[in-house]
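An overview of the molecular structure
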Amino acid sequence: MVYQATASAPVNIACIKYWGKRDTKLILPTNDSLSVTLDQDHLRSTTTSRADPSFTKDRLWLNGTEEEIKPNGRTATCIAEMKRLRADLEAEKPNEPKLSQFYVHIASKNNFPTAAGLASSASGFAALVKSLASLYQLPSTPSELSLIARQGSGSACRSLFGGFVAWEMGSSPDGSDSLAVEIAPREHWPEIHALICVVSDDKKGTSSTSGMQRTVETSTLLQHRIKHVVPERMKVISEAIKKRDFNTFAKITMQDSNQFHAVALDTDPPIFYMNDVSRAIISLIVEYNRVSVDAGGPLKAAYTYDAGPNAVIYTLKENVKEIVELVVNYFPQANQFKDPFGLFGSDGVQGNVVTGFNTAVAKPFGVGAVKNLIHTRVGDGPRTLGPEESLLGVEGLP
Ligand code: DP6
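A quick note: this is a predicted structure, and the numbers were derived from the prediction, not measured.

Digging into the pairing of strand β7 (residues 59-62)
Two elements, β7 and strand β9 (residues 103-110), share four bridges in a ladder whose sense is parallel. The residue of β9 that forms the bridge with Leu-60 is Ile-106. Bridge count for β7 against strand β8 (residues 65-67) is three bridges, and the pairing is antiparallel. Looking at the pairing, Trp-61 lines up with Glu-66 of β8. Count of turn residues in the β7/β8 antiparallel hairpin: two residues, of which Asn-63 carries a positive phi of about 50 degrees.

A short note on the packing of aromatic side chains
On inspection of all chains with the given rule, the structure shows 13 aromatic pairs. A ring pair is formed by Trp-189 and Phe-246, whose centres lie 6.4 Å apart and whose planes are at 75 degrees; its orientation type is edge-to-face. Of this pair, Trp-189 sits in the loop between β11 (179-184) and β12 (192-199) while Phe-246 sits in helix α6 (residues 246-265); the two residues are 57 residues apart in sequence, bridging distant segments of the chain. Residue Trp-189 is classed as buried on the basis of its relative accessible area, which comes to 3%. Put simply, the rings of Phe-164, Trp-189, Phe-246, Phe-249 and Tyr-314 touch in pairs and so form one group of aromatic residues. The ring of Phe-365 has Lys-363 lying over it, and the distance from NZ or CZ to the ring centre is 4.0 Å.

A short note on the packing of helix α7 (residues 276-294) against helix α8 (residues 320-330)
For the pair α7 and α8, interaxial distance at closest approach is 11 Å and the crossing angle is 135 degrees. Taken together, the axes of α7 and α8 lie oblique to each other. α7 and α8 meet at a crossing whose hand is right-handed. Here α7 contributes Leu-284, Ile-285 and Tyr-288 to the contact with α8, which in turn contributes Glu-322, Ile-323, Leu-326 and Tyr-330.

Some thoughts on the domain arrangement of the protein chain
A common way to express how large an interface is: the accessible area buried when the components associate. Split by domain assignment, the protein chain resolves into domain 1 (3-189 + 384-389) and domain 2 (192-377). For domain 1 versus domain 2, the distance between C-alpha centres works out to 27 Å. Contact with domain 1, which involves 34 residues of that partner, is made by 48 residues of domain 2. A buried area of about 3400 Å², summed over both sides, lies between domain 1 and domain 2, and 68% of it is on carbon and sulfur atoms. When the buried surface of domain 1 facing domain 2 is broken down by residue, Lys-17, Trp-19 and Trp-189 rank first, second and third, together holding 29% of it. Applying the counting rule to domain 1 against domain 2 returns two salt bridges. Here Asp-39 ties to Arg-377 by a salt bridge, and the two come within 2.8 Å at their closest N and O atoms.

As for the side chain of Gln-151
Mapped onto the elements, Gln-151 comes out in the loop between α3 (142-149) and β10 (164-168). Note on Gln-151: relative accessible area 10%, which makes it buried.

Here's the deal with the site of the ligand
Around the ligand there are 17 residues in total, and Tyr-18, Lys-21, Arg-74, Ser-153 and Ser-155 lie nearest to it. Arg-158 places a polar side-chain atom, nitrogen or oxygen, 2.8 Å from an oxygen atom of the ligand. Here the ligand loses 93% of its free accessible area of 460 Å² to cover by the protein chains. When residues of the shell around the ligand are assigned to their parent elements, the largest contribution, three residues, is made by helix α4 (residues 208-218). Mapped onto the domain boundaries, the shell around the ligand takes at least three residues apiece from domain 1 (3-189 + 384-389) and domain 2 (192-377).

Comments concerning unusual backbone geometry
Along the chain, Asp-268 connects to Pro-269 via a cis peptide bond; the corresponding omega equals -5 degrees. Looking at the element boundaries, Pro-269 is found in the loop between α6 and α7. Positive phi values are uncommon outside glycine, yet Asn-63 reaches one of about 50 degrees. Within the fold, Asn-63 resides in the loop between β7 and β8. The backbone of Gln-137 sits at a positive phi, close to 55 degrees, despite the residue not being glycine. Relative accessible area serves as the criterion here: at 60%, Gln-137 is assigned to the exposed category.

Some thoughts on the sheet that holds β9
Pairing is mixed in the open sheet, where six strands are placed in the order β8-β7-β9-β6-β1-β16. Each edge of the open sheet carries a strand with a single partner, namely β8 and β16 (383-385). Going from strand to strand, the sheet's axes swing by 25 degrees on average, the running direction of each strand aside.

The rules behind the values
- Along each chain, numbering runs from 1 in the same order as the chain's sequence is written.
- Given that this is a predicted model, residues contribute local features only at a pLDDT of at least 70 and side-chain atom pairs are listed and counted only at 80 or more, while totals for whole chains, interfaces and linings are drawn from all residues.
- The side-chain values count all of the structure's non-hydrogen atoms but skip hydrogen atoms and water molecules.
- A strand pair is defined by DSSP finding two or more bridges across the two strands.
- A run of H or I in DSSP counts as a helix once it spans at least four residues, and a run of E counts as a strand once it spans at least two, with each numbered from the N terminus.
- Any pair of Phe, Tyr and Trp rings, taking the six-membered ring for Trp, is counted once the centres come within 6.5 Å. Such a pair is stacked with planes under 30 degrees apart, edge-to-face with planes over 60 apart, and tilted for the rest.
- Burial here depends on accessible area, computed with a 1.4 Å probe over protein chains only, as a share of the maximum for the residue type. Under 20% is buried, over 50% is exposed, and the range in between is partly exposed.
- Placement of a positive charge over a ring is assigned whenever Lys NZ or Arg CZ falls within 6 Å of the ring centre and within 35 degrees of the normal to the ring plane.
- Helix axes use the C-alpha atoms of the stretch in contact, all axes being lines fitted to C-alpha atoms, and the angles between their N-to-C directions lie in the range 0 to 180 degrees.
- Roughly parallel means an angle under 35 degrees; roughly antiparallel means over 145; roughly perpendicular covers 65 to 115; every other angle is labelled oblique.
- Note on convention: the crossing is left-handed when the near helix lies turned anticlockwise from the far helix by less than a right angle, right-handed when the turn is clockwise.
- Residue contacts are counted whenever heavy atoms from the two residues lie within 4.5 Å of one another.
- Per the annotation, domain bounds derive from an automatic or database assignment of domains.
- A simple way to read buried area is as the amount of 1.4 Å-probe accessible surface that goes missing from two parts once joined, with both sides added.
- Salt bridges are identified by distance alone: a Lys or Arg side-chain nitrogen within 4 Å of an Asp or Glu carboxyl oxygen.
- Near is defined per residue: the residue qualifies when any heavy atom it owns lies within 4 Å of the molecule or strand.
- N or O atoms within 3.5 Å of each other form a polar contact, as long as, within protein, one can give a hydrogen and the other can take it, and as long as residues adjacent in sequence are counted only when both atoms are side-chain atoms.
- Values of accessible area rely on a 1.4 Å probe in the Shrake-Rupley scheme; residue burial ignores everything except the protein chains shown.

In structure tokens:
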């Protein structure tokens, strides 16, 4: 008998940023956060887990290379927590095989290159937890599984749901109420699309984990953010999502990205995640919105940046074409735009700029400043996949 399961999980990009832990071991945050789950058809992690009495230790392979599972590290914690849930189930159902006592082999891969500069820890830990939940046949809800994925990487807890997801910080010292909840499923607002601008970056940046700890220790602005800014923004953006009010959604998303980078700057020593290319993209989006607002219209796009220079631009489907044209005008592409939604005909992207746009807001960059453009949209939560998607061979090795 082979005990094995394969699952995939999506990437999520926050509109209200998680930045700061009140408990670094349990990964309990200093504020609530909220994200949009992106479509797994374009970006996902896939993980296969197998339990077998012949295995001699827990082992993990990422994109084909074996990684050490550090004792008491984040991966070890997630595996131990999942085995604990399985042991509870076995105690209730004595006829179930004792999978909780077997070691596991876990193989995981991303369908996007790590070099793309996109964080893979969120989708990676969500896929790990989901594949173990399927292997162990656990009845756990996505929120229950989010409690465990959170201990792998904070933002991973939000990848247990599709659509629009909040991570409630909770108040319990044991972390039992620090979990993800669905604000709305993707079907509620499928017109939300995202354009990821992969920005070239040579220098090794500050990791989220160490960066946010330094911010907690040194930034006074973070304290203001936690107490007086995030609670109100969570309410307003959740309402905006429920009402499909893109103007408010965009306003809050941009403000919160700005404040996250402001608390990074307020850290001692300061942390810079955005670069000149990131800031030029902000200028383009601000001017693009100004043209709409001056004509009496709403905001049409929102930029947001995580702990690196890549831009994620949220917009409605109807505006994606204009935005791709605009970005390509300033950031010429070496490769043809991969057009998954068929927005462009055979002529491809022309680099057109909307009427009334003040082209002086940014200077044009050379080829390669924006390495790649990925067009995706709001997506669904983790999926359990069939055996044909397995990443482990008959011997239980990749
Ligand atoms: C800027 O979840 O990567 O992307 O919990 O230490 O693993 P750890 O940090 P991580 O931090 C993500 C920070 C962020 C904002 C966000 O996703 O909310």
